[in-house]
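# Analysis of the macromolecular model
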Amino acid sequence: MAIQKLDIINTALRMVGSYHLDRLDDGSSTYEIADGAYTAAFQEIFGENIFTFNRKRVTLTGTESADEQYSHSYTLPNDLNIFIKAENSDRFVISDYYTEGSTMLANYSTLTLYYSYIPSDEDITSLPAYLHRLLSLHMAANMAIELSGSENRVIQLSQQYVAARSRARVMSARQGPAQEYIDASTSRFLRAHNQYGKV
């Protein structure tokens with residue numbers, strides 16, 4: 001079942017103990033509060049955390065650079081939020097690069113860039129259940145005072161949010177491999193050992 005913005009908002013409203021909304025932008029004060037909480041939750045959760053849901057990989061082709069230290073420049077993706085790593089064409093993680101604004105400089109003709117981004121409303125249709133709950137709890141904790149007036153409910157929801165965030169990080173980590181398989185093509189140590197003494 002595809003998740004919509006209204007589903008997330010109504011889940012959060014139920015957590016607070018408020019009435020649900022039948023549609024978005026209905027002109028009510030409840031919607032205005034919920035919409036603001038929704039935006040804040042998205043910015044904080046996906047702006048500060050890296051999950052498999054908000055992670056991307058893209059191959060960049062460099063252009064020749066006039067820089068004295070780096071031979072190629074690359075234009076970084078517009079939706080880049082947190083830079084994770086960059087690999088060269090041999091799939092080795094590079095550490096010799098420089099970023100400035102939306103530009104990256106390095107000594108490779110192509111790079112594979114790994115990064116996180118902040119999803120849009122169109123992306124949330126495939127939102128995993130554990131992130132649906134995390135967004136809803138964040139929103140509910142932020143809306144609780146305005147909609148219920150209960151400080152105890154704010155404390156309870158905040159505690160639930162912290163626990164859900166930890167669980168979400170674990171759930172996301174479990175979706176990837178426990179570790180990268182190490183062989184002669186991926187190990188820098190083995191590669192250095194095999195090429196020792198060669199010119």
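Computed from a predicted structure; not experimentally measured.

### Considerations on the side chain of N88
- With respect to the helices and strands, the residue N88 is situated in the loop between β4 (82-87) and β5 (98-100).
- A relative accessible area of 9% places N88 in the buried class.
- Apart from residues lying up to four places away in sequence, N88 is in contact with I94, Y108, T110 and L111.

### Examining the pairing of strand β7 (residues 110-116)
- With 6 of 7 residues buried, β7 lies mostly within the body of the structure.
- Of the pairings in the sheet, the one linking strand β1 (residues 55-61) to β7 comprises 7 bridges and is antiparallel in character. Bridge assignment links L60 to a residue of β7, and that residue is L111.
- Pairing geometry for β4 and β7, over 5 bridges, is antiparallel. Bridge assignment links F83 to a residue of β7, and that residue is Y115.

### Notes on the nonpolar core
- Judged by nonpolar contacts, the single largest core of 35 residues is most densely connected at F46, L127, L131 and M139.
- Looking at this core, the elements that each hand over two or more residues are α1 (5-16), α2 (29-48), α3 (129-148) and α4 (151-174).
- For this core, the element with the most residues is α3, which contributes 10 residues.
- If we ignore the near neighbours within four places in the chain, the residues touching L127 are I3, I8, F46, F53, H132 and L135.

### Comments concerning α1
- Counted at 1.5 Å a residue, the expected span for α1 with its 12 residues is 16 Å, and the 17 Å between its end C-alpha atoms agrees.
- Counting buried residues in α1 gives 9 out of 12 residues, a clear majority hidden from the surface.
- Every buried residue of α1 is accounted for by K5, L6, I8, I9, N10, T11, A12, L13 and V16.
- Considering only its buried residues, α1 is in contact with α2, α3 and α4.
- With its phi angle positive at about 95 degrees, G17 sits one or two positions after the end of α1.

### Focus on the sheet that holds strand β3 (residues 72-75)
- Spatially, the 4 strands line up as an open sheet ordered β2-β3-β6-β5, and their pairing is antiparallel. The sheet is open, and its two edges are formed by β2 (63-64) and β5, each paired on a single side.

About the thresholds
Residues numbered from 1 in each chain as written. Predicted model: local features only at pLDDT ≥ 70, side-chain atom pairs only at ≥ 80, totals over all residues. Heavy atoms only, no water. Helix = DSSP H or I, 4+ residues; strand = E, 2+ residues; numbered from the N terminus. Buried < 20%, exposed > 50% of the residue type's maximum accessible area, 1.4 Å probe, protein only. Contact = heavy atoms within 4.5 Å. Pairing = 2+ DSSP bridges. Core = buried A, V, L, I, M, F, W, Y, C linked by side-chain atoms within 4.5 Å. Expected span 1.5 Å × (residues − 1).

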